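# Architecture and fold: a report
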Amino acid sequence: MKIRKVIFIAHIILGVIIACFLYDWANPNYEKRFKQNSEEFAENRNQFEKLIKNINSKYLSAEEKLNLTELSKKVTEEYQEELDEIGIESVEISYDEELNCAEKMTFKFNVKSGYNIRKLNYVQIIYSPCNKQTEKNFHQNSGHIDVNGEGNNWLILSDTDFI
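Here is a short report on the structure shown in this document. (Residues numbered from 1 in each chain as written. Predicted model: local features only at pLDDT ≥ 70, side-chain atom pairs only at ≥ 80, totals over all residues. Heavy atoms only, no water.)

## Remarks on the pairing of strand 5 (residues 145-151)
- Counted residue by residue, strand 5 has six buried out of seven residues, so it is predominantly covered.
- Where strand 4 (residues 139-142) and strand 5 come together, four bridges link them in antiparallel fashion. From the neighbouring strand, Gln140 faces strand 5, where its bridge partner is Val147.
- Following strand 4, the chain reverses through two residues before pairing antiparallel with strand 5; Gly143 in that reversal takes a positive phi of roughly 75 degrees.
- With six bridges joining them, strand 5 and strand 6 (residues 154-159) adopt antiparallel strand pairing. Within strand 6, the position partnered with Val147 by the bridge is Leu157. (Buried < 20%, exposed > 50% of the residue type's maximum accessible area, 1.4 Å probe, protein only. Helix = DSSP H or I, 4+ residues; strand = E, 2+ residues; numbered from the N terminus. Pairing = 2+ DSSP bridges.)

This is the structure:
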């Protein structure tokens, strides 16, 4: 008799847990998640700024043309410990001629943990000088891609599409 009660209670608890997961899946509340990402970025902002400064001074101060794909791999390997601390998998460095300022380099930090990555599917923290989307409180939603400006040349790009 006691085993039946325990099994019954276990089924009820399992049902409640499944119901919570289904509710969360059906109602993702993206705005709340974007706000949480902004808060998490604010906590780690100094580390991101330090990485940009170190990469710029060590690799980008030279006038020579660099292979940015190789540089991105090298930077990711060299700074992997620091990147792991802030939930970053890799760094992509690109040159953007269209930027209307002296700094033409863009740094994309690909998130692997934190930043609601499980719900948002794909998240990048981007440093892009002179990009109007980096203005504080800027928000743009185009389909499943959301851009949230964090101020001072930073933005968070989220792709909520499952594909």
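## Concerning the pattern of salt bridges
- Across all of its chains, the model carries four salt bridges by this definition.
- A salt bridge links Glu49 to Arg45; the nearest nitrogen and oxygen atoms lie 3.6 Å apart. Note that Glu49 and Arg45 are positioned in helix 2 (residues 30-59) at a spacing of four residues, about one turn of the helix.
- Ionic pairing is found between Glu70 and Lys73, a salt bridge with its closest N-O pair at 4.0 Å. A residue pair is termed a helical-turn pair when its members lie 3 or 4 positions apart in one helix, as Glu70 and Lys73 do in helix 3 (residues 68-78) at three residues. (Salt bridge = Lys/Arg side-chain N within 4 Å of Asp/Glu carboxyl O.)

## Here we look at the state of the cysteines
- Considering all chains together, one arrives at one disulfide under this definition.
- A sulfur-sulfur separation of 2.1 Å characterises the disulfide bridge that pairs Cys101 with Cys130. Here the disulfide of Cys101 and Cys130 is right-handed, its torsion about the S-S bond being about 125 degrees. Within this pair, whereas Cys101 is found in the loop between strand 1 (88-95) and strand 2 (105-111), its partner Cys130 is found in the loop between strand 3 (122-127) and strand 4, the two being separated by 29 residues in sequence.
- For Cys130, a relative accessible area of 41% puts it in the partly exposed group. (Disulfide = S-S within 2.5 Å.)

## Let's talk about a nonpolar patch on the surface
- Together, Phe8, Ile9, Ile12, Ile13, Val16, Ile17 and Phe21 make up an exposed nonpolar region whose accessible area comes to about 710 Å².
- Within the secondary structure, Phe21 sits in helix 1 (residues 2-26). (Patch = residues over 30% accessible without salt bridge, like charges linked within 9 Å, V, L, I, M, F, W, Y side chains within 5 Å. Areas by Shrake-Rupley, 256 points an atom, 1.4 Å probe, with all protein chains shown as cover.)

## Description of the sheet that holds strand 2
- Sheet architecture is open: six strands sit in the order 1-2-3-6-5-4, paired in antiparallel fashion. Each edge of the open sheet is held by one strand with a lone partner, namely strand 1 and strand 4. The mean inter-strand angle of the sheet, taken between neighbouring strand axes irrespective of direction, is 20 degrees.
- In this structure, strand 3 lies alongside strand 6, joined through six bridges in antiparallel fashion. Paired with Val123 across the strands is Ser158, a residue of strand 6.
- Set on the sheet, helix 2 makes contact with strand 1, strand 2, strand 3, strand 4, strand 5 and strand 6; between it and strand 6 the angle comes to about 130 degrees.
- Strands in contact with helix 3 are strand 1 and strand 2; relative to strand 1, the strand with the most contacts, it is inclined by about 150 degrees. (Axes fitted to C-alpha atoms, helices over the stretch in contact; angles between N-to-C directions. Contact = heavy atoms within 4.5 Å.)

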